[in-house]
Amino acid sequence: MKRKTLTGGLIPTYELYGEDDPSGSRFWVHCETIPARSELHHWEIGLHRHERYFQILLVTGGSGDAIFDGEIARFEPVSLVTVPPAVGHGFRFSPDIDGYVFTFLASRLPVRPGEPSAFGHFLSIPRVTRLPHEAGEGKLILDHLLRVATEWEGRLTGRTVLMETGLAASLALTARIAAQDQTETERTDENDRRIEAFSALLHREVRNHRPASFYASALGITPTHLNRVLKAKTGLGTQDLVARRLIEEAQRELLFTPGSVKQIAFRLGFSDPAYFSRFFTRQTGMTPGAWRQQEQIRLGSRNEEPGSISER
């Protein structure tokens with residue numbers, strides 16, 4: 001797939017840069033050193049995008065430039081380069097570059113890029129964050145990501161949980177470091193904190209089908225006030241955001257776990273599988289079964305069970 005730039009050029013879409021074979025895209029996370037791929041392309045990665053994948057570059061040696069839709073950001077060690085899905089980006093590296101590239105489905109993060117919270121906003125914008133790596137949170141980020149790289153190579157029991165946790169924790173800590181560089185007028189206001197708390201609650205409680213009053217009570221405000229705050233910041237009300245997150249959970253279950261639509265409905269907290277199917281169809285325009293089949297074909301996994309997509 002290719003997308004036109006503002007100047008009329010085309011930005012290629014890859015799962016992994018330079019690989020066009022869809023059968024190679026059956027992974028939720030991929031890890032490799034920066035030199036492993038950049039050396040093959042003479043230390044320059046052309047402008048491209050990843051449709052569903054978030055990308056982290058951990059730069060531990062050398063230097064270079066990140067190009068984000070025409071804007072250039074310099075990076076040196078130790079830095080974290082974060083790139084959300086669908087953003088055109090490329091890189092120029094020095095020959096002594098060192099570090100890791102982590103490419104993973106954005107849907108595996110507890111907070112999605114663009115969700116109504118400070119963390120969601122951080123994840124929605126490509127950026128370079130310099131890490132204070134000698135101590136404190138910078139060192140913790142480095143330790144988390146090096147552990148993810150080790151787990152990816154080791155393929156031991158429990159690696160999926162450890163990798164998901166490590167990626168999420170490193171990004172949350174990086175968002176905190178990036179926020180420390182903001183001016184007082186840019187810092188999170190009370191409503192931003194409420195939205196962040198709402199997102200955390202929603203992540204934890206979405207399968208319990210809580211009413212809007214539950215979230216409002218937990219935040220110490222009325223349902224009307226919560227609805228007003230969310231609409232002002234996101235354009236969506238409480239129920240719309242709850243429904244959207246529940247659909248995201250359903251799509252993840254359908255694509256990455258085995259079992260029938262009925263079993264998935266029960267796992268998502270629906271007591272009536274028929275109601276789950278009507279809810280899913282109303283929100284997406286497709287039945288759960290049709291959506292699952294379409295996405296399996298799209299990911300090149302037509303002949304595989306939904307739970308067998310690898311952790312390559």
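Residues numbered from 1 in each chain as written. Predicted model: local features only at pLDDT ≥ 70, side-chain atom pairs only at ≥ 80, totals over all residues. Heavy atoms only, no water.

**As for the layout of surface pockets**
Inclusion rule: Space inside and on the surface of the protein is sampled on a 1 Å grid over the protein atoms alone, with a cavity defined as a set of points where a 1.4 Å probe fits but cannot get out and a pocket as an open set with protein on both sides within 12 Å along at least 5 of 7 lines; lining residues have an atom within 4 Å of a point. Grid points are joined across faces, edges and corners, and a volume is the space filled by probe spheres set on the points. What counts as a helix is a DSSP run of H or I of at least four residues, what counts as a strand is a run of E of at least two, and both are numbered from the N terminus. Here the term charged refers only to Asp, Glu, Lys and Arg, the term nonpolar to Ala, Val, Leu, Ile, Met, Phe, Trp, Tyr, Cys and Pro, and the term polar to all other amino acids, Gly among them.
Its volume calculated, the second largest pocket comes out at about 590 Å³. Of all elements in the fold, only helix 5 (190–205), helix 8 (238–256) and helix 11 (288–298) reach the threshold of two or more residues within the lining of the second largest pocket. It is helix 8 that contributes the most residues to the lining of the second largest pocket, eight residues altogether. Classifying every residue of the lining of the second largest pocket by side-chain character gives eleven nonpolar, four polar and nine charged.

**Brief notes about the packing of helix 3 (residues 136–154) against helix 4 (residues 159–179)**
Rule in force here: In this description, a line fitted to the C-alpha atoms serves as the axis of each element, helices being fitted only across the stretch in contact, and the angle between N-to-C directions of two axes falls anywhere from 0 to 180 degrees. Each angle is binned into one of four classes, with values under 35 degrees roughly parallel, values over 145 roughly antiparallel, values of 65 to 115 roughly perpendicular, and all other values oblique. Handedness of a helix crossing follows the sense of rotation of the near helix relative to the far helix, less than a right angle counterclockwise being left-handed and clockwise being right-handed. By the convention used here, residues are in contact when the closest approach between their heavy atoms is within 4.5 Å.
The N-to-C vectors of helix 3 and helix 4 enclose an angle of 155°; their axes lie 9 Å apart at closest approach. The orientation of helix 3 relative to helix 4 falls into the category roughly antiparallel. Note that helix 3 runs across helix 4; the crossing there is left-handed. Facing helix 3, whose interface residues are Glu137, Gly138, Leu140, Ile141, His144, Leu145, Arg147, Val148, Glu151 and Trp152, helix 4 presents Arg159, Leu162, Met163, Gly166, Leu167, Ala169, Ser170, Leu173, Thr174, Arg176 and Ile177. Residue composition of the contact of helix 3 with helix 4, by class: eleven nonpolar, five polar and five charged.

**Overview of helix 6 (residues 212–219)**
Along an α-helix, residues three or four apart share an orientation, since each turn contains 3.6 residues. Note the threshold: Throughout this description, buried means an accessible area under 20% of the type-specific maximum (1.4 Å probe, protein chains only), exposed means over 50%, and partly exposed covers the range between. Arc definition: directions from the helix axis to the C-beta atoms.
Among the residues of helix 6, Ala212, Tyr215, Ala216 and Leu219 are the ones counted as buried. For helix 6, the arc enclosing every buried residue in end-on projection is 100°, short of the 170-degree limit, so these residues lie on one face. Packed against the buried residues of helix 6 are helix 5, helix 7 (223–234) and helix 8. Following helix 6 by one or two positions, Gly220 has its phi on the positive side, about 75°.

**What to know about the pattern of salt bridges**
Oppositely charged side chains may form a pair once their charged atoms are brought near each other. Note the threshold: Salt bridges are identified by distance alone: a Lys or Arg side-chain nitrogen within 4 Å of an Asp or Glu carboxyl oxygen.
Under the criterion given, the structure shown has 21 salt bridges. Two residues, Arg112 and Glu248, come together in a salt bridge whose shortest N-O distance is 3.6 Å. Of this pair, Arg112 sits in the loop between strand 10 (98–105) and helix 2 (118–123) while Glu248 sits in helix 8; the two residues are 136 residues apart in sequence, bridging distant segments of the chain. Arg112 gets classed as buried once you look at its relative accessible area, which sits at 8%. Its relative accessible area of 23% is what places Glu248 among the partly exposed residues. Across the salt bridge formed by Arg245 and Glu248, the nearest N and O atoms sit 3.8 Å from each other. A residue pair is termed a helical-turn pair when its members lie 3 or 4 positions apart in one helix, as Arg245 and Glu248 do in helix 8 at three residues. Through salt bridges with shared partners, a single ionic network connects Arg112, Glu115, Arg207, Arg245, Glu248, Glu249, Glu253 and Arg267.

**Some words on the confidence of the model for the chain**
Close inspection of predicted coordinates is inappropriate for parts of the model with low pLDDT. Applicable threshold: The predictor attaches a confidence to each residue, called pLDDT, with possible values from 0 through 100.
Across the chain, the average pLDDT comes to 84, with 85% of residues at 70 or higher. A low-confidence stretch, residues 1–8 (pLDDT under 50), is modelled with 17 contacts involving residues beyond four sequence positions or located in other chains.

**As for the sheet that holds strand 4 (residues 44–48)**
Here is the rule: Strands are labelled as partners when DSSP assigns at least two bridges between them.
Taken in spatial order, the four strands make up an open sheet running 4-9-6-7, and their pairing is antiparallel. The open sheet terminates on both sides in strands that have one partner only, identified here as strand 4 and strand 7 (71–75). Taken over all neighbouring pairs, the strand axes of this sheet differ in orientation by 15° on average, direction set aside.

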